[in-house]
Amino acid sequence: MASPAAAASPSLSLNQTSLFHHQTSLITWLKPPSSSSSALFRRKATKRLLPPISAASSSSSTSLSVTTEKPTVHFHGNLIESFESHAGTIKGATFTDNPVERNELSGRKKLFTQDPPWISALFLKGLTKLADQTVKIERKDIDKRKFDSLRRRQVKEETEAWERTVDEYRDLEKEMCEKSLAPSLPYVKHMFLGWFQPLKEVIEREQKLQKNKSKKVRAAYAPHIELLPADKMAVIVMHKMMGLVMSGHEDGCIQVVQAAVSIGIAIEHEVRIHNFLKRSRKNNAEDSEEELKDKQLLRKRVNSLIRRKRIIDALKVVKSEGIKPWGRATQAKLGSRLLELLIETAYVQPPLTQSGDSIPEFRPAFRHKFKTVTKYPGSKLVRRYGVIECDSLLLAGLDKSAKHMLIPYVPMLVPPKRWRGYDKGGYLFLPSYIMRTHGSKKQQDALKDISSKTAHRVFEALDTLGNTKWRVNRKILDVVERLWADGGNIAGLVNREDVPIPEKPSSEDPEEIQSWKWSVRKAKKTNRERHSLRCDVELKLSVARKMKDEEGFYYPHNLDFRGRAYPMHPHLNHLSSDLCRGTLEFAEGRPLGKSGLYWLKIHLANLYAGGVEKLSHDGRLAFVENHLDDIIDSAENAIHGKRWWLKAEDPFQCLAACVILGQALKSPSPYSVISHLPIHQDGSCNGLQHYAALGRDSFEAAAVNLVAGEKPADVYSEISLRVHEIMKKDSNKDPESNPTAALAKILINQVDRKLVKQTVMTSVYGVTYVGAREQIKRRLEEKGVISDERMLFAAACYSAKVTLAALGEIFEAARAIMSWLGDCAKIIASDNHPVRWTTPLGLPVVQPYCRSERHLIRTSLQVLALQREGNTVDVRKQRTAFPPNFVHSLDGTHMMMTAVACREAGLNFAGVHDSYWTHACDVDTMNRILREKFVELYSTPILEDLLQSFQESYPNLVFPPVPKRGDFDLKEVLKSHYFFN
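Only a predicted model underlies this, so the values are computations on that prediction, with no experimental measurement involved.

Student: If you had to explain the overall build of the protein chain to someone new, which residues and values would you point to?
Tutor: Looking only at helices and strands, the protein chain features 33 helices and 26 strands. When contacts within the protein chain are restricted to residue pairs at least 6 apart in sequence, long-range pairs at least 24 apart make up 71% of them. With the model as given, the accessible surface of the protein chain reaches about 48300 Å², and the carbon-plus-sulfur share is 51%.

Student: Before we move on, could you go through empty space enclosed by the protein and cite the residues and values that matter?
Tutor: For the structure shown, the criterion picks out six cavities of 30 Å³ or more. Put simply, the largest cavity is a space of about 70 Å³. Surrounding the largest cavity, R581, G582, L584, H603, L607, Q653, A656, L677, P678, H680 and W917 form its lining. Partitioning the lining of the largest cavity into residue classes produces six nonpolar, four polar and one charged. Considering only enclosed or pocket space, the second largest cavity measures out at about 50 Å³ in volume. In this structure, the second largest cavity is lined by P416, K417, R418, W419, L462, D463, G466, N467, P556 and H557. Those elements giving two or more residues to the lining of the second largest cavity turn out to be β10 (417–421) and α15 (456–466). Counted by class, the lining of the second largest cavity contains four nonpolar, three polar and three charged residues.

Student: Give a description of helix α26 (residues 740–747) that names residues and reports values.
Tutor: Working note: α-helix, 3.6 residues per turn, so residues spaced by three or four point in the same direction. Of all the residues in α26, the buried ones are A741, L743, A744 and L747. All buried residues of α26 project into a common sector of 160 degrees when viewed along the axis, lining one side. Looking at the buried residues of α26, the elements they touch are α25 (715–731), α28 (769–783) and α29 (789–810).

Student: Help me get a handle on the packing of helix α27 (residues 753–763) against α29, residues and values and all.
Tutor: Close contact between α27 and α29 brings their axes to 11 Å; oriented N to C, the two are set at 50 degrees. Looking at the two axes, α27 sits oblique to α29. Between α27 and α29 lies a crossing whose hand is right-handed. On α29, the residues touching V756, T759, V760 and S763 of α27 are T803, L804 and L807. Classifying every residue of the contact of α27 with α29 gives four nonpolar, three polar and no charged.

Student: How would you sum up the packing of helix α30 (residues 812–830) against helix α31 (residues 875–904)? Please name residues and give values.
Tutor: Interaxial distance between α30 and α31 falls to 8 Å at its minimum, and their mutual angle equals 140 degrees. Relative to α31, the element α30 lies oblique. The two elements α30 and α31 meet at a crossing, and its hand is right-handed. On the side of α30, the interface is formed by M818, L821, G822, A825, K826, A829 and S830, while α31 contributes V875, Q878, R879, F882, P883 and F886. In terms of residue class, the contact of α30 with α31 is made up of eight nonpolar, three polar and two charged.

Student: Any chance you could break down the pattern of salt bridges for me, citing the residues and the numbers?
Tutor: If you walk through the whole model with that rule in mind, you get 44 salt bridges. We note a salt bridge from E226 to R218, for which the minimum N-O separation is 2.8 Å. In this structure, D391 engages R367 in a salt bridge whose closest nitrogen and oxygen atoms are separated by 3.6 Å. Here D391 is found in the loop between β9 (382–390) and α13 (392–396), whereas its partner R367 is found in strand β8 (residues 366–374), with 24 residues between them in sequence. The network of salt bridges with common partners includes E481, R496, E538 and R545.

Student: Kindly report on the layout of surface pockets, identifying the contributing residues and their values.
Tutor: Computed from the structure, the second largest pocket encloses a volume of approximately 1200 Å³. Forming the boundary of the second largest pocket are 42 residues, of which K614, D682, G683, K757 and M761 lie nearest the centre. Counting only elements with at least two residues in the lining of the second largest pocket, the list comes to α18 (578–583), α19 (593–608), β20 (679–682), α23 (686–695), α25 and α27. Considered class by class, the residues forming the lining of the second largest pocket number 12 nonpolar, 16 polar and 14 charged.

Student: I'd like a description of the side chain of R773, backed by residues and values.
Tutor: Position of R773 among the secondary structure elements: in helix α28. A relative accessible area of 15% places R773 in the buried class.

Student: Describe the sheet that holds strand β15 (residues 557–560), with residues and values.
Tutor: Across the sheet, which stays open at both edges, the three strands sit in the order β12-β15-β16 with mixed pairing between neighbours. The strands lining the two open edges of the sheet, one partner per strand, are β12 (435–436) and β16 (565–567). Direction of pairing for β12 relative to β15: parallel, over a ladder of two bridges. Bridge assignment links R436 to a residue of β15, and that residue is D560. Strands in contact with α15 are β15 and β16; relative to β15, the strand with the most contacts, it is inclined by about 130 degrees.

Student: So what's going on with α30? Residues and values would help.
Tutor: Given a rise of 1.5 Å per residue, 19 residues ought to cover 27 Å, and the 27 Å separating the end C-alpha atoms of α30 matches this to within 8%. Contacts from the buried residues of α30 go to α23, α24 (698–703), α27, α31 and α33 (942–953). The first or second residue beyond α30 is N832, which carries a positive phi of 60 degrees.

Calculation rules
Residues numbered from 1 in each chain as written. Predicted model: local features only at pLDDT ≥ 70, side-chain atom pairs only at ≥ 80, totals over all residues. Heavy atoms only, no water. Helix = DSSP H or I, 4+ residues; strand = E, 2+ residues; numbered from the N terminus. Contact = heavy atoms within 4.5 Å. Areas by Shrake-Rupley, 256 points an atom, 1.4 Å probe, with all protein chains shown as cover. 1 Å grid on protein atoms, 1.4 Å probe; cavity = no way out; pocket = protein on both sides within 12 Å on 5 of 7 lines; lining within 4 Å. Points joined across faces, edges and corners; volume = space filled by probe spheres on them. Nonpolar A, V, L, I, M, F, W, Y, C, P; charged D, E, K, R; others polar. Buried < 20%, exposed > 50% of the residue type's maximum accessible area, 1.4 Å probe, protein only. Arc of directions from axis to C-beta. Axes fitted to C-alpha atoms, helices over the stretch in contact; angles between N-to-C directions. Parallel < 35°, antiparallel > 145°, perpendicular 65-115°, else oblique. Left-handed = near helix turned anticlockwise from the far one by under 90°. Salt bridge = Lys/Arg side-chain N within 4 Å of Asp/Glu carboxyl O. Pairing = 2+ DSSP bridges. Expected span 1.5 Å × (residues − 1).

Structure, rendered in structure tokens:
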């Protein structure tokens, strides 16, 4: 018999792919262990030999060899230790590693008998483990194939959008010729089909004409008009022009400069992609053998990089093969010529109401003309500029066909490229820049010089926002579609019908005629606004329709020059209207949980608003509990029910919350209901919160909820009360010596929270007296108490002065910091330097306000005056804009810090400046994180660091000292329930 020491190390291998993934030894059972281990073996043991246990085996029984020889037992090493702990030494057990004996055992006659329970348990445990590993591998393989498929689709979306549109028009033309009739098409596609062939032909003719000219007489745009096929160029011109008409025409006109440059930019972007595809795919007959080899090597290199998912490296190859930036002048010249060709070839036809004998009428779709405008009413200073005027027929049906204008910046099917620099990140192939600099070369240079190490936290935050996966909420989209099909004019949707234009009166009375003209102007203005809003809704819905069947999609984010993050896709995104926010939800769902159900109810009350959002949390919960029947009715019968959700300030978001809450209330297990709904936590007058943290004033901190309270403090109500006190005091004065007394008496009953809210909200962002006056004037117009225009203007002036005075009294510390920031900016700008600073996350910010210089470009259409950044800074703008821009950079910093921390905590996160979103079950975690990050941000000496950076950058300038701070303890924020709520 082998010694225990020898028995503890068996090495007899049964199967290379055994269940336990290591060597297993044969076991011969002689007798059961002692009574202490009887729980393992509950029946009398027989003489038997256990065979190999294979991973392929699926039975709980195994074949056993019966022998009359001296029985031996071969245990697996870790099992021996287990048995020794139960029964001490196992008697009659022999361990062997003899290959001869192994062969003899395998050749014996076998019987089937049930295994001891420990064998079955170990077998099943190992089998489960193996199955789990197999499933994980298979799932990973499926996920990889799925991701590769989505990535291929994304690349096609970005690189082949215009080509697909060209092919579509070719197919439609072919169908039209074969069937001898025009296919049934939406309005805008019908127009495009009529314009496509003539425009393509004149572009081809222009390309040939310029190519045959000598270099001396060729047009300035000649080298660039040849860079794309004529059909693709025609499609881009049509779509870009109509896109501009839909998104921003004024009186049916588009400025020539805007149209020409937009078309030029679109052509340049497509040339970059087309240039690469042409070089890498096509072999020209004139190419030398060496050139053909180079192209083949390039193609192989790019394909290899794409196969290995090294998209960034593949893009570098594309960019290196691309063209140099054109510049605004080149873009404007090419765009102007293509615009001119569109004007020559694009026509519209009125409906055929005349008799069959009459000749159909065709009218130019676009006309080039000049408009003259005065700088302000009554001014002798006039400005003349060129516009493209659109025919009224073209505008008539355009808002119904907006969905055909989407090319090509749509949400991504795969996560965006990680940001690595100024133009490295975002979309896979479409031009993407980390900041919207609007042509500011100073800001671009500052960003291009920044290292990844310096700004890695900014890059990380943008990647976090871009990696949040979204999907379309189909139930809400269905409700929107039905309301929109019924004519809109409900739930915040614009009316799909125009206001009728008043008929001219028969009377010749001058006052009546003047009133009629005013009514006509007002009706036309309303119709223009409605047209623009209808186009906007159609664009949003078209994206939702396109993405509704996708499992999920992503929004690449970039920054404005202050450091605030925005999605790069412009139409359907979570920063947009209630329509968009209600239609979007997280792709990942999570169980509500107890806290999630609590926050879902709070969220619904906040969305309903109307004063409910200013109640304590208990008050909001009570509101929801009192309206459970309305909530369930809204969820189950949104269109034909009681429509309670339509009373909410954010109706579509409110309806989405009703749907989830309705599911939870009807479920036997409400906490386990899966929710995809983002829950919002919004700052309380967030700009003033940042100023209160900078100034550490206890009174101001309490006014904006930096201090815990039983219910949320309402700064707008505080200001309105102070305004009311001032007006009451003024109303008691003698009207003869105090002209404001009469105004105070009229306004004293008009002052409320709504009157002052917008002014208070924008005060920290640099609202001027004129801006405050216009804001309050609009609120007074809505009230309708004062009808006389002169009296209304005077009342607005007085109210604005009183409101700003009340703000200065209550937020004295904030005003001191604003003044200090403005003074510093004025000192820097007076020395002809733009104000620049670095955010706490390392992002360089440069204020772009310089006096622009006119740059005249002679084009085939007209002389264009392009505005470009000059060398002289605008002192006034630099001074007034710095305080709000600096605070915006801080709130952007807070949001990005929170985003990264939430990702590290495993949360889904989305941010809308001062509104932070996550799943209902994770709100408590996000609330803790955002408070900790706010305290962390303002625990640093932000203003002192800013002053030091100014002194180091401008050593010859003298700056005032930082305003004194109060004694507010920032850690109080951690305990404030209503800081964000």
